[in-house]
Amino acid sequence: MVSNQPTELAAEQHALLHKSLRRFDIVFLLIAAVVGLETLGQVSGYGAEAFTWALVLAVFFLVPYGLIFAETGAAFSEEGGAYTWVRDAFGRPAAAVAAILTWITQPVWVGGSMAFLAAETVSSYLTPIEHGSLGDYLFKVVFIWITVLAAVVSLQKGKWLPTSGALLKVGLLAFFVLTTIVYAVQNGVVALHPGDFSPTLLGLFGSVPILLFAYLGFESSNSAAGEMENPARDVPVSIFRSCATAAACYLVPIMAILLVVPAEDITGIGGLFDAVGTVYSVYGGAADALLELTAVVFVYILMSQGAAWMIISDRMQAMTAADGSFFGGFFGRFHRGLGTPVRVNMLSGVVSTTFMLVAMQVTGDGASIFGVVLTISISTFLLSYLLVIPAAIRLRTLYPERERPFRVPVSDRQFAVLGWIAFAWVLLGSWVAVFPGTLERLFGEEYPFKEYWGVSQATFEVFTLGTLAFLLALCAVGYALGAPVRASGATITPDTEEIAR
């Protein structure tokens, strides 16, 4: 479609990209970004049925989702990832909405959730930081801007923060699970009965949005597809390997947490450390030192996770701008020497810092703020997939001639069924994330909002719906101001035709 051809600015930016990502880098970039330790405690608070729902989604969501995006990511490997898929399937306006919802999730999440979790970890296990103090603000600001700096430097250098964080993350989880086994042999475990794993509606509506947030994002590496050495070959393998790793990194630690910490004692912001502190008792006098070392590693992992998402999502938003769908192209430029979207990186840092400052004003303790802001991040992220998944489905039939290095061995109709199964889960998760309590009450379940969230429902909805309304307005203004860039569609040459592919 002529209207969806890359703009001149987008074609120019592709020439500035540096081929820096190999299969190893892609796998660990995805593990760094998607496998989130911060969600382990939050979902484990739903008790043994959290494991049941994690297993159900691993089979009935992660498998179809991974398959459709392994095929789509290998076949459509233009820098910008999901933005270009939605653009090619439904046009630029829809793509602009999908892009801003995906992108904004990351600075909101880093500034409003990750920085809070990191500060809480330092305060609890290393040195006290009074909430709202100057030291608290300074710590969170430094945390945010280190993640931004990792995205600013060249990808060849910046990728090592996420990679090292991913390796430490897998290592920490393995060490925790092995220690849990030793603890269980010595001290026994929390008594769990088969009935405890029985799924309930409250568990479904409460845990599914968090689990979807934990399982989504494996196609996000395509945002940097133009910087991969061989995306057609490496994307499918990377998605499959990282999906399998993620499933193991959630299922096994969730069970370990449940075995050593009673569900009623698990807090979202400290759930993992509640369990870690318990099982480290097997190390005797070395337990306190090990716990402090784990806290340091945990904060580094959080920082690397934020950096991974900044690296990925900022590239997508920069290509959105370069393609005329986000302001007038100002943010659509990659640094000639670094090959990174420095202007969008700076914008992400400002947004993240601003959201942190706003979140600090929300009435409630650290755990309440963490839960509310995590849910806002979940809602924006999930809502973007209500466009991205249908785009992947449509691209298969819209471009039947496109070479597919990996092809799911099913018919187009069966491929669509896989996609719509994933879509149905995301639709459920999106509704519950934006309007918690509504489905529970519809089915006659009691839902004491303030008890669950630590803030009133009015505060929650103002914060959530206000964020979404602001984003839609920002998207509309940005798209309108991008008209001059869109008007300069690139001349189709062999090089730009390859870019379009």
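All figures in this text were calculated on a predicted structure; none of them were measured in a lab.

Draft legend 1. Representation of the overall build of the protein chain within the structure. Of regular secondary structure, the protein chain possesses 21 helices and zero strands. By the compact-globule yardstick of 23 Å for 501 residues, the protein chain fits well, its C-alpha radius of gyration being 22 Å. Expressed as lengths along the three principal axes of its C-alpha atoms, the size of the protein chain is roughly 70 × 50 × 45 Å. Counting only residues that meet the buried cut, the protein chain has 60% of its 501 residues in that class. For the protein chain, restricting intrachain contacts to residue pairs at least 6 apart in sequence, the fraction spanning at least 24 positions comes to 85%. Carbon together with sulfur atoms contributes 66% to the accessible area of the protein chain, which is approximately 18,200 Å² in total.

Draft legend 2. Structural view of the packing of helix α10 (residues 201–215) against helix α16 (residues 412–434). Their axes nearest at 9 Å, the elements α10 and α16 cross at an angle of 110 degrees. If you check the angle between α10 and α16, you find them roughly perpendicular. Handedness of the crossing formed by α10 with α16: left-handed. In this structure, α10 contributes Leu204, Phe205, Val208, Pro209 and Leu212 to the contact, and α16 contributes Trp425, Val426, Leu428, Gly429, Val432 and Ala433. Grouping the constituent residues of the contact of α10 with α16 by class yields ten nonpolar, one polar and no charged.

Draft legend 3. Up close: α10. With 15 residues, α10 extends 20 Å between its outermost C-alpha atoms, agreeing within 8% with the 21 Å of an ideal straight helix rising 1.5 Å per residue. The sharpest bend along α10 measures roughly 35 degrees and falls at Ser207, with the proline Pro209 sitting one to four residues further on. Burial of α10 is extensive: 13 of the 15 residues sit out of reach of the surface. Where α10 terminates, the next one or two residues include Gly217, which has phi positive at roughly 115 degrees.

Draft legend 4. Representation of unusual backbone geometry in the model. Phi is positive for Phe327, which is not a glycine, with a value near 60 degrees. Here Phe327 is to be found in the loop between α13 (287–322) and α14 (342–359).

Draft legend 5. Quick look at the packing of helix α6 (residues 92–125) against α13. Where α6 contacts α13, the axes come no closer than 9 Å and their chain directions differ by 165 degrees. Between α6 and α13, the angle falls in the class roughly antiparallel. The handedness of the crossing between α6 and α13 is left-handed. Of the residues belonging to the contact of α6 with α13, the class tally is 19 nonpolar, eight polar and two charged.

Draft legend 6. Fine view of the environment of Ser220. Relative to the helices and strands, Ser220 resides in the loop between α10 and α11 (231–260). Aside from chain neighbours lying at most four places away, what touches Ser220 is Leu30, Trp309 and Ile312.

Draft legend 7. Structural detail: a nonpolar patch on the surface. On the surface, Phe24, Trp160 and Leu167 cluster together to form a nonpolar patch covering roughly 300 Å² of accessible area. Relative to the elements of secondary structure, Phe24 occurs in helix α2 (residues 23–34). Using a relative accessible area of 38% as the deciding quantity, one classes Phe24 as partly exposed.

Draft legend 8. Representation of the confidence of the model for the protein chain within the structure. Averaged over the protein chain, the pLDDT score is 85; the fraction of residues at 70 or greater is 91%. Ignoring residues within four places in sequence, the model shows residues 491–501, a span with pLDDT below 50, making 18 contacts including any to other chains.

Draft legend 9. Region of the structure containing the side chain of Thr121. The topology assignment puts Thr121 in helix α6. Residue Thr121 is classed as buried on the basis of its relative accessible area, which comes to 3%. Aside from chain neighbours lying at most four places away, what touches Thr121 is Leu126, Phe273, Ala295, Phe298 and Val299.

Draft legend 10. Local environment of the packing of aromatic side chains. Enumeration over the complete set of coordinates arrives at 25 aromatic pairs. When the centroid spacing of 5.7 Å and the interplanar angle of 80 degrees are considered together, the rings of Phe213 and Phe381 count as edge-to-face. With Phe213 in helix α10 and Phe381 in helix α15 (residues 366–398), the pair connects residues that are 168 residues apart, well separated along the chain. A relative accessible area of 9% places Phe213 in the buried class. A residue is classified by how much of its surface remains accessible, and Phe381, at 1% relative accessible area, is buried.

Draft legend 11. Fine view of the pattern of salt bridges. Evaluated as defined, the whole model comprises 14 salt bridges. With a shortest N-O distance of 2.8 Å, Arg396 and Glu71 are connected by a salt bridge. Of this pair, Arg396 sits in helix α15 while Glu71 sits in helix α4 (residues 48–75); the two residues are 325 residues apart in sequence, bridging distant segments of the chain. For the pair shown, Arg396 and Glu71 are each scored as buried.

Draft legend 12. Up close: the state of the cysteines. Applying the stated criterion across every chain yields a total of zero disulfides. Unpaired in this structure, Cys249 has its nearest cysteine sulfur neighbour in Cys243, at a distance of 12 Å. With a relative accessible area of 9%, Cys249 lands in the buried category.

Thresholds applied
Residues numbered from 1 in each chain as written. Predicted model: local features only at pLDDT ≥ 70, side-chain atom pairs only at ≥ 80, totals over all residues. Heavy atoms only, no water. Helix = DSSP H or I, 4+ residues; strand = E, 2+ residues; numbered from the N terminus. Rg over C-alpha atoms; globule rule 2.2 N^0.38 Å. Buried < 20%, exposed > 50% of the residue type's maximum accessible area, 1.4 Å probe, protein only. Contact = heavy atoms within 4.5 Å. Areas by Shrake-Rupley, 256 points an atom, 1.4 Å probe, with all protein chains shown as cover. Axes fitted to C-alpha atoms, helices over the stretch in contact; angles between N-to-C directions. Parallel < 35°, antiparallel > 145°, perpendicular 65-115°, else oblique. Left-handed = near helix turned anticlockwise from the far one by under 90°. Nonpolar A, V, L, I, M, F, W, Y, C, P; charged D, E, K, R; others polar. Expected span 1.5 Å × (residues − 1). Bend = angle between axes of the 7 residues up to and from the residue. Patch = residues over 30% accessible without salt bridge, like charges linked within 9 Å, V, L, I, M, F, W, Y side chains within 5 Å. Salt bridge = Lys/Arg side-chain N within 4 Å of Asp/Glu carboxyl O. pLDDT = per-residue confidence, 0-100. Phe/Tyr/Trp six-rings, centres within 6.5 Å; stacked < 30°, edge-to-face > 60°. Disulfide = S-S within 2.5 Å.

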